2 protein chains.
Amino acid sequence: MIERTHLSIIREVSRLGTLTEAANALFLTQSALSHAIKKLESQLGIKVWSKEGRNLRLTQAGEHILSVANRTLPQLEHTEHLIEQIAKGKRGSLRIGMECHPCYQWLLTVVSPYLEQWPDVDLDVKQRFQFGGLGALFSHDIDALVTPDPLFKKGLTYLPVFDYELVLVTHEDHILADKPFIVPQDLNNEILITYPVETERLDIFSQFLAPQQCSPYKHKTIETTDIMLQMVASKRGVSALPAWLVEQYSKTLPIKAIKLGKKGIAKQIFIGLRESDVTIEYIQSFIDIASKHSTTQ
Amino acid sequence: MIERTHLSIIREVSRLGTLTEAANALFLTQSALSHAIKKLESQLGIKVWSKEGRNLRLTQAGEHILSVANRTLPQLEHTEHLIEQIAKGKRGSLRIGMECHPCYQWLLTVVSPYLEQWPDVDLDVKQRFQFGGLGALFSHDIDALVTPDPLFKKGLTYLPVFDYELVLVTHEDHILADKPFIVPQDLNNEILITYPVETERLDIFSQFLAPQQCSPYKHKTIETTDIMLQMVASKRGVSALPAWLVEQYSKTLPIKAIKLGKKGIAKQIFIGLRESDVTIEYIQSFIDIASKHSTTQ
DNA sequence: ATGGTGTATGAGTTTAATTCATAGAATTCT
DNA sequence: AGAATTCTATGAATTAAACTCATACACCAT
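So, here's what we can say about the structure.

Reading guide: rules and limits
- Residues numbered from 1 in each chain as written.
- Chains lettered and ligands numbered in written order.
- Predicted model: local features only at pLDDT ≥ 70, side-chain atom pairs only at ≥ 80, totals over all residues.
- Heavy atoms only, no water.
- Core = buried A, V, L, I, M, F, W, Y, C linked by side-chain atoms within 4.5 Å.
- Buried < 20%, exposed > 50% of the residue type's maximum accessible area, 1.4 Å probe, protein only.
- Helix = DSSP H or I, 4+ residues; strand = E, 2+ residues; numbered from the N terminus.
- Domains from an automatic or database assignment.
- Contact = heavy atoms within 4.5 Å.
- Disulfide = S-S within 2.5 Å.
- Buried area = accessible area lost by both parts, 1.4 Å probe.
- Salt bridge = Lys/Arg side-chain N within 4 Å of Asp/Glu carboxyl O.
- Polar contact = N/O pair within 3.5 Å; in protein donor to acceptor, adjacent residues only side chain to side chain.
- Nonpolar A, V, L, I, M, F, W, Y, C, P; charged D, E, K, R; others polar.
- Near = heavy atom within 4 Å.
- Phe/Tyr/Trp six-rings, centres within 6.5 Å; stacked < 30°, edge-to-face > 60°.
- Pairing = 2+ DSSP bridges.

Bringing the nonpolar core into the picture now. Among the nonpolar cores identified, the biggest contains 62 residues, and L94, W106, I204, I255 and I271 of chain B are the most heavily contacted of them. Among the elements that line this core, the one with the most residues is strand 6 (residues 156-171) of chain B, at 7 residues. Both domains that furnish three or more residues to this core are identified here as domain 2 (93-159 + 269-292) and domain 3 (163-267) of chain B. Ignoring any residue separated from it by four or fewer positions in sequence, one finds I204 of chain B in contact with L166, L187, L192, L209, A240 and L260 of chain B. Core analysis: the next-biggest nonpolar cluster, separate from the first, contains 61 residues, L94, L192, I222 and I265 of chain A among them.

Residues and elements named next belong to chain A. Considering all chains together, one arrives at 2 disulfides over all chains under this definition. Here C100 is linked by a disulfide to C103, with a sulfur-sulfur distance of 1.9 Å. On the sign convention where negative is left-handed, the bridge of C100 and C103, at about 65° about the S-S bond, is right-handed. The pair formed by C100 and C103 is uniform in burial state, with each residue classed as buried.

This brings us to the interface of chain B and chain A. Contacts between chain B and chain A engage 29 residues on the former and 30 residues on the latter. When the two sides are added together, the surface that chain B and chain A hide from each other amounts to roughly 2700 Å², 65% of it contributed by carbon and sulfur. It is I2, Q60 and I83 of chain B that lose the most area in chain B upon contact with chain A, and together they represent 20% of the buried surface on that side. On inspection of chain B and its partner chain A, the count reaches 0 salt bridges. One can count 8 residue pairs in polar contact (both at pLDDT 80 or more) joining chain B with chain A. Of all elements in the fold, only helix 1 (4-16) and helix 4 (60-87) of chain B reach the threshold of two or more residues within the side of chain B that touches chain A. The dominant element in the side of chain B that touches chain A, judged by the number of residues it contributes, is helix 4 of chain B, at 15 residues. Here the side of chain B that touches chain A is built from residues that sort into 15 nonpolar, 8 polar and 6 charged.

This part covers the protein's contact with DNA strand D. Within the structure, DNA strand D sits among 19 residues, and T29, S31 and R54 of chain A together with L19 and T20 of chain B are positioned closest to it. Atoms of DNA strand D within 4 Å of the protein: sugar and phosphate make up 56%, bases the balance. One nitrogen or oxygen atom from the side chain of T29 of chain A is found 2.7 Å from a phosphate oxygen belonging to DNA strand D. At 3.3 Å, a side-chain N or O of H35 of chain A approaches a base oxygen of DNA strand D. For the surface near DNA strand D, the secondary-structure elements that each account for two or more residues are helix 3 (30-44) of chain A together with helix 2 (19-25) and helix 3 (30-44) of chain B.

A separate point is the packing of aromatic side chains. A complete count under the given rule lists 13 aromatic pairs over all chains for this structure. Considering the side-chain rings of F162 of chain A and W244 of chain A, the 6.0 Å spacing of their centres and the 70° angle between planes classify their relative orientation as edge-to-face. Here F162 of chain A is found in strand 6 (residues 156-171), whereas its partner W244 of chain A is found in helix 9 (residues 243-249), with 82 residues between them in sequence. For the ring pair F152 of chain B and Y158 of chain B, a centre distance of 5.2 Å and an interplane angle of 80° mean the geometry is edge-to-face. Y158 of chain B gets classed as buried once you look at its relative accessible area, which sits at 7%. Grouping aromatic residues by their ring pairs yields a cluster made of W106, F162, Y164 and W244 of chain A.

Quick look at the pairing of strand 1 (residues 49-52) of chain B now. Residues and elements named next belong to chain B. Relative to strand 2 (residues 55-58), strand 1 runs antiparallel, the two being bridged by 4 bridges. Looking at strand 2, one finds that K51 is bridged to L56. The antiparallel pairing of strand 1 with strand 2 creates a hairpin that spans 2 residues between the two strands, and G53 there sits at a positive phi of about 60°.

T20, K38 and R54 of chain A together with S31 and K39 of chain B are the nearest of the 19 residues found near DNA strand C. Sugar plus phosphate, as a fraction of atoms of DNA strand C within 4 Å of the protein: 58%. H35 of chain B places a side-chain nitrogen or oxygen 3.3 Å from a base oxygen of DNA strand C. Note that a phosphate oxygen of DNA strand C is positioned 2.6 Å from one of the side-chain N or O atoms of K39 of chain B. Breaking the surface near DNA strand C down by element, the ones donating at least two residues are helix 2 (19-25) and helix 3 of chain A together with helix 3 of chain B.

This brings us to helix 8 (residues 225-233) of chain A. All names here are of chain A. When we look at burial in helix 8, the residues that qualify are T225, M228, L229, M231, V232 and A233. Its buried side turned inward, helix 8 meets helix 5 (103-117), strand 6, strand 8 (191-194), strand 10 (238-242), helix 9 and strand 11 (255-260). Positive backbone phi, approximately 60°, marks K235, located one or two places after helix 8.

What follows is the structure in structure tokens.
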């Protein structure tokens with residue numbers, strides 16, 4: 001069996017020329033190298049070197065071993081270096097799953113300071129999961145899940161990262177725009193625009209309309225927040241989004257936010273993690289930075 | 001230090017699923033593997049596996065080690081095999097990569113006299129490469145590359161082995177069958193059958209149709225030459241193949257070869273080698289035999 | 001010859017790897 | 001729920017290997 005030491009020895013000897021020097025470079029005695037190679041030779045049934053006077057010349061077999069040494073040793077050294085970084089907590093991969101459409105805007109504000117602080121962390125954001133965000137966490141397809149529903153399961157933890165109020169968005173000239181708040185019946189004649197997910201996962205349905213058995217005149221779905229708000233701004237419908245997001249867009253678009261019900265709808269966003277990961281430094285740091293970028297942002 | 005045993009252990013465990021089975025495969029006890037990995041983990045300061053119930057799941061660090069194992073162990077095993085052959089006084093192994101579909105038929109005619117002359121050379125033919133034929137040559141996954149594109153790189157040499165003419169193949173009753181040669185426009189209403197590779201790598205496209213901005217009525221792809229010619233023989237389309245190949249098949253199938261353009265399309269096939277290998281006797285001999293089996297065959 | 005420099009080798013020592021026996025953990029069976 | 005099964009983990013004892021030391025031997029230059 002060709003072992004790593006054999007590769008190192010052959011590489012060093014052909015780099016430095018003599019066994020003695022190679023032995024020094026490897027912090028071993030000349031005797032050790034001699035014995036090691038001798039044993040290898042007897043195992044493989046070949047000679048590694050032939051002696052030409054007092055220099056060693058690699059045989060054909062020796063050349064093959066040197067060649068494999070030059071190809072594989074650097075790879076081993078590279079992974080050892082990589083793993084050292086992982087051990088120090090400096091490197092790793094953080095794949096974030098998003099189960100909350102509007103949170104994408106918020107995530108972007110978290111990501112840039114994070115990447116600055118952790119340049120060696122591989123960050124990735126995923127938005128579609130074959131077996132739901134929870135399944136993705138369990139099957140290690142993602143490492144963190146941004147979600148409004150903290151479905152507690154053994155082996156997972158959730159940490160709240162920010163609170164916001166869900167509001168109705170209308171054009172600023174809309175009939176409802178001047179009300180201090182709206183009631184479910186107010187939407188009976190409106191076109192409601194939402195993200196394309198099941199209605200059970202849309203709070204405007206599950207927490208506002210459904211309890212009063214109301215439904216909008218029409219329900220349209222749109223993938224992206226930008227287009228959604230463009231539609232609202234061109235009076236093609238109303239939507240329900242986080243208040244902070246509406247406030248941000250209202251600087252450039254003629255839109256307005258209205259409370260949903262007298263008390264409004266309060267939402268909380270969590271980050272779910274596998275319990276075994278919470279101690280990892282670069283993951284903790286992500287939670288920290290995420291928490292700091294809460295509503296006020 | 002990551003040793004070869006660690007690589008083997010991690011590879012076998014991820015192949016077989018359990019430490020116990022891996023231990024059997026490696027002719028060691030389960031305890032030995034457990035101790036070995038434990039020691040590695042303490043040296044590197046990381047975990048290789050995390051236990052999920054009773055299964056082991058590789059950590060990120062573990063994945064890196066597995067990846068380096070899959071890259072380096074086969075190389076070590078191959079050189080050991082090579083050296084074993086050298087020790088026995090036999091020659092070695094010749095792994096040929098093919099980047100040229102129809103050349104397979106030609107290769108078969110080369111292989112049999114070669115094997116007769118070199119009974120102890122282990123011959124292997126590979127047709128799929130993760131990083132292209134060139135990458136396979138450099139990473140020692142193959143020893144020789146049969147290709148129409150001699151992409152010169154430092155450390156490689158190419159030797160031309162045979163020339164042939166690329167021709168159109170049609171049914172012998174086809175409308176085009178009586179022409180002395182065809183022009184690109186003649187294919188506008190034809191179904192063209194080719195091997196399933198990128199059109200840039202198909203000479204009928206890159207050297208014949210594309211310069212005149214022509215394209216066939218339809219483009220179908222088929223893996224094997226036999227089936228391809230069966231299709232042509234049953235009037236389901238036309239194809240482009242080496243003249244010598246068509247000539248051979250035309251003895252048994254109602255097909256005919258037609259020149260592509262007035263001058264025809266001349267092709268040249270090369271064998272690429274690592275420069276360090278060109279002096280090896282059994283490789284030189286392969287080139288010799290290959291060159292002798294050129295067009296006339 | 002002689003000193004200098006390098007390799008080879010046997011014997012003894014140190015270190016590492018392996019096994020054995022057994023405990024613990026998770027899963028399946030009844 | 002408890003028993004049987006099937007893995008992994010671990011400490012202690014054993015076995016094997018790697019390494020050093022001391023020294024012999026080979027080559028070359030002067």
